[in-house]
Every structure is written in structure tokens, then in C-alpha cells.
Amino acid sequence: MTRGHLLRNIFRVGFLCLVASFVLAPMLATVLGGFKTNAEIRTSAFGLPESWNWEFYDSIVADPAFWRYLGNSLLISSVAVVLTLIVGAAAAYVFAQIKFFGSRMLFSYLLMGLMFPFATAILPLFIKVRDVGLLDTWWAVILPQTAFSLSLAILLFRTFFEQLPKELFEAAYIDGCGYVRFFWRFTLPLSAPILATVGVFVFVQSWNNFLLPLVVLNSREVFTWPLGMMQFRGEYVTEWNRTLAFVTLTLVPAIVFFLAAQKYIVAGLTGGAVKG
Amino acid sequence: MATAAASRQLSASERLRRSIGNGRVSAVLILLPPALILFTLFVILPLGESGYYSFFNWNGYGSPTDFVGLENYQRIAGHSIFHKAIGNTVKIVAISLLIQMPLAMVMALLIYRKTPTNALFRLVFFLPYILAEVAAGLIWSFVFDGNYGVTASIARSMGVESFFILADRDWAFVAVMTVIVWKYFGFHMMIYIAALQSVPEDLIEAGRIEGAKRLQIVRYVQLPHIKPAIIVSAFFAIIGALQVFDVIIPLTNGGPSNQTHTIVTYLYTYGLTRLNIGFGSAVGVILFIAAITVAVFYQRVFMKGDKP
């Protein structure tokens, strides 16, 4: 019994390690590749570099364009998060607190964004953004992104707001506190966990978005980091080590952010998914 | 509750005065419109315009005047590359259901219990999911590079002539699907893990006492219990397959000879880069109909009785 148990455990760990190496090997090769000369990458894609060349990493870190790409992305994502949280929470609050004629219909209307992919409307979006003169500005990314995030945000917010104790509102109401003030003073501060979950999700989505910036941004000054990375790759087609160093440097903030926000990412993922 | 009763005892006129004074109406008028305007302007209106533009032959400049009826749709329906894109999307769905989800399930069953080692493996398997698709695509375009890549090294060390997988008509899409499995199985695994952790321990214990084997417990206790999670994860896999774009661009950009297009890369390539706004919009409409069909079908078949 115990021997079978041991054997099974060895098997299990062995299999886990096998899959883990399938997952990690490409990333490891990427990180190491940034230290190698191209000749060395050619002969050993996996091995440790013969000498650790920091120059490729250094040259990217010293390039103001790299930081500008990251800065642009940070700005766009942050504004999208703030807008989504405020606008989405305000609407969800109305749906949770106030019953009025047509509220169910408007709620369903706002949830329609959950049903279809962003890409379906990308061409008219491009035309619209161009016609209002927002092409090549941050707003061209921020506003559509916020609008598309609203559906999920409103759905999650409303569920959460409805679970807040009703007595609280009634007490505040008796004391003469109005709806709008109650929203600012009580609902928002009490909803920190759900705000964080949705905020993290919107942030990640916006930070990684590729299609929308690709369509509406043209000049390098406003590029987000995925666009900057593709641009960089295009410039150094034959120099894999530079591209790999660039990719590695963009992995770092993603992983740090994930480790910091892991709780919210996993909670949002599983909570949202399991509830359907 | 006591305060609720008190407020109910207020006279009707008092309640009316309060409801106006406390801004019930103005609350609706202040808090709701920003969401409605943003959503209408940037989601619903463009969607409607997609439908409208799809009936025109239009390059995006001036206003659409060259009405062509259903010609765009006919051209799409007869376009072999579009057929390829649809076929590839179906392949992604198949790979997701047949390889990715079972793999995710096996991993979930192996590490769903809360131990430090399991937490570490969970983190590792979830890692690809948090990377940007573009970054994942670039990493794997290096792995598959016939000159410098990892697969090339492996091939050379085995004494085989290395070749450019991503430039091979038959193998390029296999490579793309490998990347998709690599990127997303951790996501499905996390869904299963959360569900498996909610299976009552007594049920499993009871099965064990009755002498059920490990596999029997999986088959008769755990899997039935987490069926809703499996249904949801399959839904994400199908909807996700309809949207694949970011990964393809750095990997193959739709090539070689248009073998690896998906619906969205097709839309991008033939609609936007060539400024065939009418044609591209028609592709968008088809994508929309596909997504809605999947959603409605899914709700009818699998989620019946879940919601009132």
C-alpha cells in the first residue's frame, strides 16, 4: 500500500514537472536569450550564456522610447480603470437601489456587451474615432475600452451592491442622506473588494490590449507597449537577442503585478466563472 | 428592520416630499447617463453601423454611397481564405475541447489540494495566461524559428535538418494551436481547481470508505459535481476561439499563403489594412452572429434552470 502510494507520488510529481517544463522552457529560453550573442543563440538556445552580456538589456533600458511605451500603457490603463469603476459603479448603484420604470430593460441593454467580441465593431469604431478627431490619441483607446468593460463591471457591481445591508441605507435615509451622497459616502468605500477585482481585470485587459491600439494609434509617441514591442521586433528582425531582452523586460512588470494582485485575479476569475 | 417599519409609518405626503428632496429622480439622472452614453456611443452604435456599412462598397472616406446589397456577404461566402479561417477557428475549438480542457482537468485534479508545492505548480501553470498574447506570440515565434529557435536546436542535436515550422503550410497552424494550449490551459485549470475545492470532503471520504478507487471517485463524485464549471470553461474556450488575433500576428501574420488566418485576422487583413470598410464590416457582422448564436444556444441547452 505505502509502496504503491510512493510510486504514484513519484509518477505524479514527475508528470507535474514535465508539464511545468513545457510551460517554463520557452520563457526561460527568452530570458537567457537576452544575454547571448546571436551566434550563441543559434548554437545553444537553452543553455546558460557563456558570458552574461548585459548590453542588450542595458540598451533597451537606456532607450527613452521603451519607457514612453510603458508610460503610455500605464496612463491609458489607469484612466480606463478609474473611468470604468466610477461610471460602472454609479450605474450599478442605480440598478441596485432604485426601482424605476424601465430599469430592467436598461440593465439588460448595458449587459449586451458581454455577448459579443470586441472585434465585431472594430471597423466602425475606427471610422468613428477618426471622424471625431481622436485618432492617434490616448482617448481613442481609453473610451472604447471603458465602454466595453462596463457590461461586466455593472453586472458584478450590482450583485455586490444588492448584498450590502439594507438597514444601512434606511438609517442614512432617515438622517436625510440622499442617494448620490450615500453612493459616495457609503457604497463605494464598502465595496473595496469588488472594486479591486474589477479594477485589476480592466487593468490587465487594457494593459495587454493589442487590436484596438493597433487600429487607432499611428505614431510612436502614443504607442502602447505591445505596439512598441512589435515595432522593435520589426526593426531588429535578425537580432533575436534584442527582441528577447525587450520581451523579458515587459514580462517583469506583468509577473510582479500578478503576484501582487493574485488574490483579486483568481477571485474574479473563479467567482465570475463559477457563478456563470 | 425597525427603521424600515418607522419609515413605512410616515405619511404619504411626507414620503413624497422626501423622495424628491433626497433626489431619487435626480440620482437616476446623474448616475445612469454616463454609462448609457459611453456604452451607446462606443459599443452599440458601432455595432449597428457594422450592419449598415456591410451593404456598401466603401473605403472609409466620405460617406458610403455605393450600395451593393448583399454582395460583400456573397464575396465572403465564396472566398477560400475565409473558409480556411472558419476551419482554423473550428480546429481551435476542437483542440481546446479535446486536448486543452482534459489537460487542464488532469492538472487540476493533481494539484487542487491546498499545499505549498501545489500552490507553486498552480502559479507556474497559470503564468502563461497572465502574459500578453503578443508577448506569448513573440516568445514562441523565437521557439519555432528555424535558424535560431529552440526547436531548431533540438532538431540539430538529433541530427535532423531543422526547418521553419511557421513557414510550413501544413505545420504552421499546429504550431499556433500549441501556443494556444500553452497559453490558456492554466486558465481552465484554475476554474476547475476552484470548483474541485468546493466539492465536500465528506463525499470523497465516503466514496473512499466504500472502497472506490481514485479514478472512480473522480468519475462518479468529482466530475459530476463540477459539471457547471466544465460547461462554463467550454463556453470560454469557444468564445475565445472566435476572437483569436493577437497571438497570430507575431507568429505567422496569417501566413504562409494565408493558411493560418482566423476570423479576426481575416477581418483585419481584408477589411482594415486594405480599407475595405464595407467588406470588413460584413465579416464583423458574421462574427457577431456566430458569437450570439453560441451564447443563445449555450444558454438554451446547458444553462437551463440556472437563472429564474
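Quick caveat: nothing in here was measured; it's all calculated off a predicted structure.

The rules behind each value
- Residues numbered from 1 in each chain as written.
- Chains lettered and ligands numbered in written order.
- Predicted model: local features only at pLDDT ≥ 70, side-chain atom pairs only at ≥ 80, totals over all residues.
- Helix = DSSP H or I, 4+ residues; strand = E, 2+ residues; numbered from the N terminus.
- Buried ≥ 20, exposed ≤ 12 C-beta atoms within 10 Å, placed from the backbone.
- Contact = placed C-beta atoms within 7 Å.
- Nonpolar A, V, L, I, M, F, W, Y, C, P; charged D, E, K, R; others polar.
- pLDDT = per-residue confidence, 0-100.
- Domains from an automatic or database assignment.
- Core = buried A, V, L, I, M, F, W, Y, C linked by C-beta atoms within 7 Å.

Asker: Can you break down unusual backbone geometry residue by residue, with the values?
Answerer: Residue and element names in this part refer to chain B. Cis geometry is adopted by the peptide bond preceding P256, which originates at G255 and carries an omega value of -10°. By the element assignment, P256 lies in the loop between α14 (248-251) and α15 (263-272). Although it is not a glycine, S257 sits at a positive phi angle of roughly 40°. Tracing the sequence through the fold places S257 in the loop between α14 and α15. Overall, the presence of 11 C-beta atoms within 10 Å leaves S257 in the exposed class.

Asker: Outline the environment of A:F257, supporting the account with residue identities and numerical values.
Answerer: Residues and elements named next belong to chain A. One can find F257 in helix α13 (residues 240-275). Owing to 16 C-beta atoms within 10 Å, F257 belongs among the partly exposed residues under this scheme. C-alpha of F257 to C-alpha of E167: the two residues are 90 residues apart in sequence and 37 Å apart in space.

Asker: Break down the interface of chain A and chain B for me, with residues and values.
Answerer: Across the contact, 78 residues belong to chain A and 76 residues belong to chain B. At 13 residues, α13(A) tops the list of elements feeding residues into the side of chain A that touches chain B. Split by residue class, the side of chain A that touches chain B holds 58 nonpolar, 14 polar and six charged.

Asker: Please set out the confidence of the model for chain B residue by residue, giving values where relevant.
Answerer: All names here are of chain B. Considering every residue of chain B, the mean pLDDT works out to 88; 91% of them sit at 70 or more. Ranking the elements of chain B by mean pLDDT puts helix α1 (residues 2-9) last, at 50, and helix α6 (residues 80-111) first, at 96. Considering only residues more than four positions removed or in separate chains, one finds that residues 1-7, a stretch of pLDDT under 50, has seven contacts.

Asker: Could you give an account of the domain arrangement of chain A, with specific residues and numbers?
Answerer: Domain assignment breaks chain A into domain 1 (2-33) and domain 2 (63-275). The C-alpha-based centres of domain 1 of chain A and domain 2 of chain A are spaced at 35 Å.

Asker: Explain the nonpolar core to me, and be specific about the residues and the numbers.
Answerer: Core analysis: the biggest nonpolar cluster contains 172 residues, and A:A91, B:A35, B:A108, B:V176 and B:Y192 have the highest contact counts within it. Ranked by residue count, the leading element in this core is helix α10 (residues 172-197) of chain B, at 19 residues. Counting the residues that make up this core, at least three belong to each of domain 1 (2-33) and domain 2 (63-275) of chain A.

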